[in-house]
Structures are given as C-alpha cells and as structure tokens.
Amino acid sequence: MRRRVAVTGLGVVSAIGSAIDTFTESVRCGRSGIAPLQLPVELDLRSRLGAQVAEFRWGTDRDGDVYDRFALMAGAAAEQAIEAAGGITADAAVVTGSCLGGNHFEDASFHQFYAERRSRFHPLTVPRIMENAPASLISMRWGLRGPAYTVSSACASSSHAIGQAYWLVRDGVAEAAVTGGSDATFSPGILKAWEAMRVVSPTGCRPFSADRDGMILGEGAAMLVLEPLDAARARGAAILGEIVGFGMSADASHITQPSGDGAARAMRAALADAGLGPSAIGYVNAHGTGTPANDGVECKAIQQVLGDRVPVSSTKALHGHTLGAAGAIEAVATLVAMRQGFLPATAGVTSVDPDCAGDIIIGEARRAQVECALSNSFAFGGLNAVLVLRRPE
Amino acid sequence: MPDDLTARVIEVIAKTSHKPIEGIQPDSTFEAIGLDSLDGMQILFALEEEFNVSIPDEAARKIRAIPDAVEGIRGLLAARAAEA
C-alpha cells in the first residue's frame, strides 16, 4: 500500500525567523541572519561570523534543566508545526535528526571536569547530551507513542530523518509523523573543531561564487507534520505541500571531500522513488555550503542528472549551515517558497564561478510556479540524502 | 523557627525545583511539595554542591522529606568535621 503524503504543519527556529511567516519573508527578501558572533566566552577564532538565533527561549524552567538548547529548539519548532496542523494523532511517528546533540551542556560539563577539576556531574547530563532528546521531548510533550528515533548523519541528518518518516507514512507503518531536525552549533569546542578543518569562511557565505571561501555555521530547528494526503483532505487540513520521493547514496570516497558521483546517484534514487523524470523538477535547493569543495562538484552532479536549465540556489547564505537541522530547514524553505510561488535567490554571490554551471539564481527571488523541487543534503563522510517536494495542488 | 541548616536546605530545594519557598515547611515531605523523581535527583546534586558533601546512593534513596535531607546533611558535615 502506498499513500500520498501531505505536509500539514511546519515550524522553524532560525537566525532569519522563528515563525514560518517571518522565515518565509526572510527567504523571499534574501535577508541573511549571518552576523558577528555573540559568545559568552573569549575565543580565539579565525572566523567570527555565524547565524545565531538571538534571544531564543522556549519551555519551562524544568525543561531548561532537562534539555539542552538543540532539544528546546526542536520542541519550539514541533510546537509550531503541530499547532499549524491542528493537533496530531497519538500513534504518530517521531523521527528527528541531529549531528551534535546536547553539545552546550557537554562542553560545559567536560570543562568543569577537566579544567576546574569538579568531579560531580549534573545528574541529568546524559539526557541533556543524547542526540535523541528531541524525539523523546516531542513524544512526551504530545503523548506520541508510535515509532520514534533519531538519525545522525552529519549535514544530512534531518533529510534522512524526513525521508524515513515519509516512508513510514507512505507505507502505512505510521498514520502521521512529526519529523525534522535541530542543532545548536555555537559551543566553544564545536567552533574550534570546525575551524580546524579549514572549511569555515572568515568573510561570509557565498555559495557558487567565484570568490567563495568557505561555509558559515548556523543553528536552529525545523519540523514538519506529515500525514496521508487523503486523511488530511478528509479532515479539512490545510495542505502545505507534499513529499513525493526520497533518495540516498554513499560516496564511498573521502571523509570530508564530496564526490559528484554519490550526489548524482542520490538525486537519481530520489527521482526513481518519486516515479518522476528529470524534466519534472523545476528547482533545486542545493546543499550549496559555499565551500570551494562542494559547490562546483554539486553543480556538475545536478547537470548530469537534471541538465543545465533547472534553476538552482542555496539558502545557506541566509540561515547558515545548520548541520543536523539543515535538511529540515531547507525543506521548509523550499516548501514555503513553492507554495508562495517564488524561488529563493542565493545571497552574497559576487559573480557565479564558471565551475558552477547551470541556472544559479542570484539577486532577487524569482517569481515562478514550480510543481516539484529537489532538496539536497550531502554530508561529511559521503552520506547523501535528497528529498523530492511538491507544491500543494 | 528553623535553624540555619534547615533554612539553607529549604532554599536550595526551592531554587532547584523552581518552587516558591513559602510552600516548603521544615517538616514538608517531598510529595507534599509536589516534587517528582527528576526534582529529587537534581536536589541531591544541588545539596552536594552547596555543602560540598557526597551523599551515598543508599542514603539518597531514603531522603523523602525535608527533615531527612537536613539530618542527612548534618550527619555528613559532622563526619567531615570529625575527620579534620
């Protein structure tokens, strides 16, 4: 049994808006949330830019005792999505993605232990750190008792999560799902670790640009409510879009450098899963990190699979590279754009690199009615996930 | 009039459980104050931090009311003073 899967709720926490309408406006206007980092500690960093969520607060004091920032962001996004959907059935699945887990508490705990020699750990250190805290939080808060778990695949985590949730609903294993991802990237240890890879830009995020020199980290969360299209229509739910396909592949190549072959295979797998040909795709929301390594390779792969006329852009120049949340935040950006009839532009580009062939959208968002789009996430370690999204009918 | 130790214990418990201090009496049970097992775990930690003592697991399991906590801490502080 294969059912069409509708998106009936969306929620987001990001540097460019922590509500769907502000987020959508930011994406449409190309308003970037990348700014000088505000950090509570002195840190020696080459890159002092990031897409932080200013003044984030969600949940009770007790929630703050039990959950780290990334889990609270997931809760906030899930709350928006479930409210938008008008509620959620108790047997819904919960599939979340995270790359870093509760790294703020983890970093602080280890600092206390190693540097301050305090050997007494907070009793809730384990639940605070575990990558699955968001899935547990969402399940407990809304009484959801279906299949629930967390996927961790670096920058593709929440794409993989959404894809898995889509299959659960499509194949009748779950009657609904809450799915997406979250990561809170701005803890000292994580910032230093990313800097050490020499992929973070000291100047800004300019995907596909000839002068691109790296990525910029972001933090945030995004959640989607999925249910069978027929059931959603029967109860009069607003249909915000559809998930129509999901594809995966592994590069089997390099721990940090992408191989275009893996990306192309994942896109082909997604199309096959959707039962669509390349000409059905009207837009690609690229992984587009702004690193010299990714963007050219990704454009070639897109060309191979879809030809050179499909419009492509990356929204990472607006909300940053949110790691485990990236797939979800970018799926939301793609869905809201399609629903509103525009294609986001890639901010920050000075001139498109000849190495990045194709119709790269720069400048203003482009008005277009597009039926289907791809959302790409290509992770470190060569783990690739591609979602096929459709505009509501 | 609660003694200093009792007052400090009550303050730690109120702060840790995010509950108003007026609702906690020197003879209150944790159940009466509305504390659950998560509060219990965090309160043990907060008391250990406040008084710089180590509460053994068997003793921890028996702490169900303010007087238990106060007497337990008093005993640990006395034992430490005796060793010094």
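Residues numbered from 1 in each chain as written. Chains lettered and ligands numbered in written order. Predicted model: local features only at pLDDT ≥ 70, side-chain atom pairs only at ≥ 80, totals over all residues. Heavy atoms only, no water.

S.K.: Account for the sheet that holds strand S1 (residues 5–13) of chain A, naming residues and giving values.
M.R.: Residues and elements named next belong to chain A. Taken together, eleven strands build an open sheet; the order of strands is S5-S4-S6-S7-S1-S8-S15-S14-S9-S10-S12 and the sheet is mixed. Both edges of this open sheet fall to strand S5 (148–151) and strand S12 (359–360), since each of them pairs with a single strand only. With three bridges connecting them, S1 and strand S8 (residues 241–250) associate as antiparallel partners. In the strand pairing of S8, Val5 is matched with Ile243. Against the sheet, helix H7 (residues 157–170) engages S1, strand S4 (93–97), S5, strand S6 (177–183), strand S7 (220–228), S8, strand S14 (372–379) and strand S15 (383–390), with an angle of about 120 degrees to S8. Where helix H10 (residues 260–274) meets the sheet, it contacts S8, strand S9 (281–285), S14 and S15, and its direction lies at approximately 140 degrees from that of S8. (Pairing = 2+ DSSP bridges. Helix = DSSP H or I, 4+ residues; strand = E, 2+ residues; numbered from the N terminus. Contact = heavy atoms within 4.5 Å. Axes fitted to C-alpha atoms, helices over the stretch in contact; angles between N-to-C directions.)

S.K.: I'd like a description of the pattern of salt bridges, backed by residues and values.
M.R.: Following the criterion strictly, the structure yields 32 salt bridges over all chains and no others. For Asp213 of chain A, the salt bridge is made with Arg206 of chain A, and the minimal N-O distance between the two is 3.2 Å. Its salt-bridge partner being Arg74 of chain B, residue Glu71 of chain B comes within 3.4 Å of it at the nearest N-O pair. On the criterion of helical spacing, the pair formed by Glu71 of chain B and Arg74 of chain B is a turn pair, its members being three residues apart in helix H5 (residues 66–83). Beyond isolated ion pairs, a larger network of salt bridges with shared partners links Arg4, Arg233, Glu242, Glu371, Arg390 and Glu393 of chain A. (Salt bridge = Lys/Arg side-chain N within 4 Å of Asp/Glu carboxyl O.)

S.K.: Break down the layout of surface pockets for me, citing the residues and quoting the values.
M.R.: Put simply, the largest pocket is a space of about 400 Å³. Gln38, Leu39, Pro40, Gln52 and Phe186 of chain A are the residues nearest the centre of the largest pocket, which is lined by 22 residues in total. At the level of secondary structure, the elements contributing two or more residues to the lining of the largest pocket comprise strand S2 (35–36), helix H4 (103–115) and helix H8 (188–196) of chain A. Among the elements that line the lining of the largest pocket, the one with the most residues is H4 of chain A, at three residues. Taken together, the residues of the lining of the largest pocket break down into 13 nonpolar, six polar and three charged. Counted as a void, the second largest pocket has a volume near 280 Å³. Along the walls of the second largest pocket sit 13 residues, with Glu11, Val12, Lys15, Thr16 and Ala46 of chain B positioned nearest its centre. (1 Å grid on protein atoms, 1.4 Å probe; cavity = no way out; pocket = protein on both sides within 12 Å on 5 of 7 lines; lining within 4 Å. Points joined across faces, edges and corners; volume = space filled by probe spheres on them. Nonpolar A, V, L, I, M, F, W, Y, C, P; charged D, E, K, R; others polar.)

Treat this as a map of the structure, not an account of what it does.
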